[in-house]
Amino acid sequence: MSEIPKNLELILEKARELEVKGEHFKAYNRLFFVSIELKREGYKHLDVLAEALNQGGIVKRMQGQYDEALEYYKKAIKLNPGNEQKSLAEINMADIYRVGKSDFDEAHACLKNAHLLAKKIPNEKNRGIVHAKLEDQKGLVFLAQEKYKNAIKSYQDAIEICDYLTEKYPDDKENENRFGQALHHIGVAYLRLKDPKKANEAYGLQIRARDFFESLGDKQGIVNSESALGEISMIKKEPDDAIKHYEKAMNLLKETGYERGKTAMALNFAEAYLTKGNLDEAKGYLEEFRNGVNNKTVTEHDIKLMQNRFFKVIELYDSHNLNIDEFKQCTLNYNHT
């Protein structure tokens, strides 16, 4: 296989740094440029082309264009690159079947394919990072199925892999990113168990995850951790503290323009302000949530994960005798297409 020119290798390295930071669109632009240059010069570097397609799929996924994302991943596999990019494409497809289609059987099938491919990755570090991502995604699928113990086991497996890689390959940014994701997700799983005793443990995990994301400059990672910290504050009956965490998250979401996250965060704010009895602030967030759901900025998968919070908000909403058009019906009538 032909060597990639040094200038393009530097662009590739920058693209991977941006991907770790969650700057998916900027990463894709650089990867796309590299892939065009390689084609123009007659190279057959399928791994880079597949990487560009995988990254392009992530961009489409973050924009809520799930069918388009799926096509990118399928094209990556069709190129028949090395096992690493094929495995990542299968993991990314599982993510779409989970988030965009609520098809958990298909998601698990993709993860089984990914596992078989990942075992054949020759480089130990890369193999470990892909396995950690695979276990983390498996945990997310189990979480969506409300199989919390299975989810926790998968997250623990991902954390164990990341721990090993940290010892053997210190300061690896990709591993640190995956470590932070797994810590965040297991903390969320503890919250879903509805065990108040787990709240302190979940809080500590989110702080560790946030530290990773802040060091990497991963804005969406920080958003996820701040949101979870806010949820924990609500469990502790500390709505003012929750609002502080939500504000940090929402400010970053406004920077990145991630509408799916803004809609979910609006419901969090509404719960906190209704708990405080601050109805004027609550109304604005209730309307923002309703509009987001009606505009399909969230998926059926998201709605299911938000159901418990939605019903809590409904109780508070009724207790304050609020009347906002279509608010109570917006999730019940939700029909994602």
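Residues numbered from 1 in each chain as written. Predicted model: local features only at pLDDT ≥ 70, side-chain atom pairs only at ≥ 80, totals over all residues. Heavy atoms only, no water.

Tracing the sequence through the fold places Pro196 in the loop between helix 9 (173-192) and helix 10 (199-216). Through-space distance from the C-alpha of Pro196 to that of Ile235 is 7.4 Å; in sequence the pair is 39 residues apart. (Helix = DSSP H or I, 4+ residues; strand = E, 2+ residues; numbered from the N terminus.)

The next thing to look at is the nonpolar core. By size, the foremost hydrophobic cluster in this structure holds 62 residues, and its most contacted members are Phe269, Leu286, Phe289 and Phe327. Those residues within four positions of Phe289 in sequence are excluded, and the remaining contacts are Thr263, Ala266, Leu267, Met306, Phe310, Phe327, Cys330 and Thr331. In terms of nonpolar packing, the next biggest core, distinct from the first, is built from 27 residues, Ala89, Val99, Leu111 and Ile121 among them. (Core = buried A, V, L, I, M, F, W, Y, C linked by side-chain atoms within 4.5 Å. Buried < 20%, exposed > 50% of the residue type's maximum accessible area, 1.4 Å probe, protein only. Contact = heavy atoms within 4.5 Å.)

It is at 8 Å that the axes of helix 13 (residues 259-276) and helix 14 (residues 279-294) come closest, and there the two elements cross at 155 degrees. What the angle tells us is that helix 13 and helix 14 run roughly antiparallel. For the element pair helix 13 and helix 14, the recorded crossing hand is left-handed. Taking contact as the criterion, the partners of Lys262, Thr263, Ala266, Leu267, Phe269, Ala270, Tyr273 and Leu274 in helix 13 are, on helix 14, Leu279, Glu281, Ala282, Tyr285, Leu286, Glu288, Phe289, Gly292 and Val293. (Axes fitted to C-alpha atoms, helices over the stretch in contact; angles between N-to-C directions. Parallel < 35°, antiparallel > 145°, perpendicular 65-115°, else oblique. Left-handed = near helix turned anticlockwise from the far one by under 90°.)

Turning our eyes to something else, we now look at the packing of aromatic side chains. Applying the stated criterion across every chain yields a total of 12 aromatic pairs. Ring centres of Tyr246 and Phe269 lie 5.7 Å apart, and the angle between their planes is 70 degrees; this geometry places the pair in the edge-to-face category. Of this pair, Tyr246 sits in helix 12 (residues 239-256) while Phe269 sits in helix 13; the two residues are 23 residues apart in sequence, bridging distant segments of the chain. Overall, the relative accessible area of 1% leaves Phe269 in the buried class. An aromatic cluster is present here, built from Phe289, Phe310, Phe311, Tyr317 and Phe327 joined pairwise through their rings. A cation over a ring is seen here: Lys198 above Tyr190, with NZ or CZ 4.5 Å from the ring centre. When the ring centre of Tyr203 is taken as origin, the NZ or CZ atom of Lys236, which lies over that ring, is 4.7 Å away. (Phe/Tyr/Trp six-rings, centres within 6.5 Å; stacked < 30°, edge-to-face > 60°. Lys NZ or Arg CZ within 6 Å of the ring centre and 35° of its normal.)

As a further point, take the pattern of salt bridges. Applying the stated criterion across every chain, the model contains 22 salt bridges. When the shortest N-O distance is used, the salt bridge between Arg98 and Asp95 registers 2.6 Å. Here the residue Arg98 and the residue Asp95 both occupy positions in helix 5 (residues 83-99), the gap between them amounting to three residues, near one helical turn. Side by side, Arg98 and Asp95 carry an identical accessibility label, which is buried. Notably, a salt bridge pairs Lys138 with Glu135, separated by 3.5 Å at the nearest N-O pair. In this pair, Lys138 and Glu135 both sit in helix 7 (residues 124-144), three residues apart, roughly one turn of the helix. Classification of Lys138 by relative accessible area gives partly exposed; the value is 23%. Each of Arg192, Glu231, Glu271 and Arg309 takes part in a single network of salt bridges with overlapping partners. (Salt bridge = Lys/Arg side-chain N within 4 Å of Asp/Glu carboxyl O.)

Let's shift gears to a positive patch on the surface. Together, Lys21, Lys26, Arg30 and Lys173 make up a positively charged patch on the protein surface. Tracing the chain through its elements places Lys26 in helix 2 (residues 24-40). With a relative accessible area of 44%, Lys26 lands in the partly exposed category. (Patch = residues over 30% accessible without salt bridge, like charges linked within 9 Å, V, L, I, M, F, W, Y side chains within 5 Å. Areas by Shrake-Rupley, 256 points an atom, 1.4 Å probe, with all protein chains shown as cover. Lys, Arg positive; Asp, Glu negative; His and termini not counted. Charge placed at Lys NZ, Arg CZ, Asp CG, Glu CD.)

A word on helix 1 (residues 6-20). For helix 1, built from 15 residues, the straight-helix expectation of 21 Å at 1.5 Å per residue is met to within 8% by its first-to-last C-alpha distance of 21 Å. Considering only its buried residues, helix 1 is in contact with helix 2, helix 3 (46-62), helix 9 and helix 10. With its phi angle positive at about 85 degrees, Gly22 sits one or two positions after the end of helix 1. (Expected span 1.5 Å × (residues − 1).)

Once that is clear, we can look at the layout of surface pockets. Its volume calculated, the second largest pocket comes out at about 650 Å³. What lines the second largest pocket is a set of 22 residues, among which Lys194, Ile235, Asn308, Arg309 and Lys312 lie closest to the centre. For the lining of the second largest pocket, the secondary-structure elements that each account for two or more residues are helix 9, helix 11 (219-235), helix 13 and helix 15 (300-319). In terms of residue count, the dominant contributor to the lining of the second largest pocket is helix 15 (seven residues). Tallied by class, the residues present in the lining of the second largest pocket amount to nine nonpolar, two polar and 11 charged. (1 Å grid on protein atoms, 1.4 Å probe; cavity = no way out; pocket = protein on both sides within 12 Å on 5 of 7 lines; lining within 4 Å. Points joined across faces, edges and corners; volume = space filled by probe spheres on them. Nonpolar A, V, L, I, M, F, W, Y, C, P; charged D, E, K, R; others polar.)

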